[in-house]
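Chain by chain, the residues:
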Amino acid sequence: MATLTHDTPGVAAVRSGRVGLGFAVLSAMSFGLSGTLAKGLLEAGWTPGAAVTARIALAALVLLVPGLVALRGRWHLLREHGRFVVVYGLVGVAVPQLAFFSAIERMQVGVALLIEFTAPAAVVMWLWLRHSQRPGALTAVGGITAGLGLVLVLDLVSGADLDPVGVAWALVAMAGCATYFVMSGSAGSRLPPVVLAASGVVVGGAALLVAGAVGALDMTWATDPASFRGVEVPWWLPVAGLAVVTCSLAYLFGIVGIRALGSRVASFVALLEVLFGLLFAWLLLGELPRAIQVAGGVAIVAGVVLVKLGEPRAR
């Protein structure tokens, strides 16, 4: 503890950056598991709307008590940031998840992922235009390298048949994903990370439940077992994983990482979600990545490292 007390600002900044990077990677890993778990539910008879709603609504229940504890009776924070929380819950939480599931109903999952994960480029452009944070050479090269790596990982070099409506939904998901990064790293928000995560999923979950109640969202679900690599598990197990691991912890880790790294770097670290998605698909679904996908994964990691190196040391 004495060492921490006498840390210089530079050492503290480096330590904070490393911790933030760790949380951002954990967030990407948690988010990367969602596709595999959701696929098991969809094949068992669930609709995308039901899976997304269960994921967010149950995550709201998980984070509600920790969020209230972290709030410590400071209700004025929620009143002061009421508009921020509503926009974050709708545009940063509910919209990208629902839009992505809607997109993959009409187009290849890989194509939808590639469109959604152009969000880091949108974040860099936003920071440049809105806050005059012009990306450095390493950041630009890292972004391009990561983007090329995504093309290889998703194996899109052979081309894809794009559905206009599916592309529109994927673009909505991209916009929501970019909003999540920018708003989570907003310096103007004094909400503790767990409070922001809890309030976001509460708002997002409530919105999805209302949409289902009025018939705007198909909420068909089933109690049949979900199958992962030939092993059947009760339906509630992947649902719990979606809610606790791929939503509650993923958003919480992500917010902590974004605030420590900044929205630009954290958004590129989040590209690792695709790599983790491939890994979990291999472990739980038996989908082996091809050599070209491994090469793409190396390119993504290299791109993330370049973006990290391209950030100024002083914050």
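Residues numbered from 1 in each chain as written. Predicted model: local features only at pLDDT ≥ 70, side-chain atom pairs only at ≥ 80, totals over all residues. Heavy atoms only, no water.

Peer 1: If you had to explain the packing of helix 11 (residues 193–213) against helix 12 (residues 236–261) to someone new, which residues and values would you point to?
Peer 2: As a packed pair, helix 11 and helix 12 sit with axes 9 Å apart at the nearest point and diverge in direction by 135 degrees. What the angle tells us is that helix 11 and helix 12 run oblique. Crossing handedness for the pair helix 11 and helix 12: right-handed. Of helix 12, the residues touching helix 11 (which contributes Pro193, Val194, Leu196, Ala197 and Val201) are Cys247, Tyr251, Leu252, Ile255, Val256 and Arg259. Among the residues making up the contact of helix 11 with helix 12, the classes are represented as ten nonpolar, no polar and one charged. (Axes fitted to C-alpha atoms, helices over the stretch in contact; angles between N-to-C directions. Helix = DSSP H or I, 4+ residues; strand = E, 2+ residues; numbered from the N terminus. Parallel < 35°, antiparallel > 145°, perpendicular 65-115°, else oblique. Left-handed = near helix turned anticlockwise from the far one by under 90°. Contact = heavy atoms within 4.5 Å. Nonpolar A, V, L, I, M, F, W, Y, C, P; charged D, E, K, R; others polar.)

Peer 1: Any chance you could break down the nonpolar core for me, citing the residues and the numbers?
Peer 2: In a soluble, globular protein the nonpolar side chains are often hidden away together inside. Tyr88, Val201 and Tyr251 are the most contacted members of the largest nonpolar core, which has 80 residues in total. Those residues in contact with Val201 that sit more than four places away from it in its chain are Ile56, Ala59, Ala60, Leu63, Val93, Cys247 and Tyr251. (Core = buried A, V, L, I, M, F, W, Y, C linked by side-chain atoms within 4.5 Å. Buried < 20%, exposed > 50% of the residue type's maximum accessible area, 1.4 Å probe, protein only.)

Peer 1: Help me get a handle on unusual backbone geometry, residues and values and all.
Peer 2: In this structure, Arg72 takes a positive phi of about 55 degrees despite not being glycine. Checked against the element boundaries, Arg72 lands in the loop between helix 4 (48–71) and helix 5 (75–80). Under the relative-accessibility criterion, Arg72 is labelled exposed at 63%. The phi angle at Arg229 is positive, at roughly 55 degrees, despite the residue not being glycine.

Peer 1: Before we move on, could you go through the packing of aromatic side chains and cite the residues and values that matter?
Peer 2: This structure, assessed with the given rule, holds five aromatic pairs. Members of the aromatic cluster, each reached through a chain of ring pairs, are Trp46, Trp221 and Trp235. (Phe/Tyr/Trp six-rings, centres within 6.5 Å; stacked < 30°, edge-to-face > 60°.)

Peer 1: I'd like to hear about the packing of helix 3 (residues 34–43) against helix 12, residue by residue, with values.
Peer 2: Look at helix 3 against helix 12: their axes get within 9 Å of each other, and the N-to-C directions meet at 155 degrees. The angle between helix 3 and helix 12 places the two elements in the roughly antiparallel class. At the point where helix 3 passes helix 12, the crossing takes the left-handed sense. Taking contact as the criterion, the partners of Ser34, Leu37, Ala38 and Leu41 in helix 3 are, on helix 12, Pro238, Val239, Gly241, Leu242 and Thr246.

Peer 1: Describe helix 3, and please don't skip the residues or the numbers.
Peer 2: Those residues of helix 3 that fall on the buried side of the exposure criterion are Ser34, Thr36, Leu37, Ala38, Gly40 and Leu41. Phi turns positive, to about 115 degrees, at Gly45, one or two residues after helix 3.

Peer 1: Explain the environment of Glu43 to me, using residue names and the numbers behind them.
Peer 2: Among the secondary structure elements, Glu43 is positioned in helix 3. When the C-alpha positions of Glu43 and Asp224 are compared, they lie 9.7 Å apart, and in sequence the two are 181 residues distant.

What is shown is where atoms sit, not what they do.
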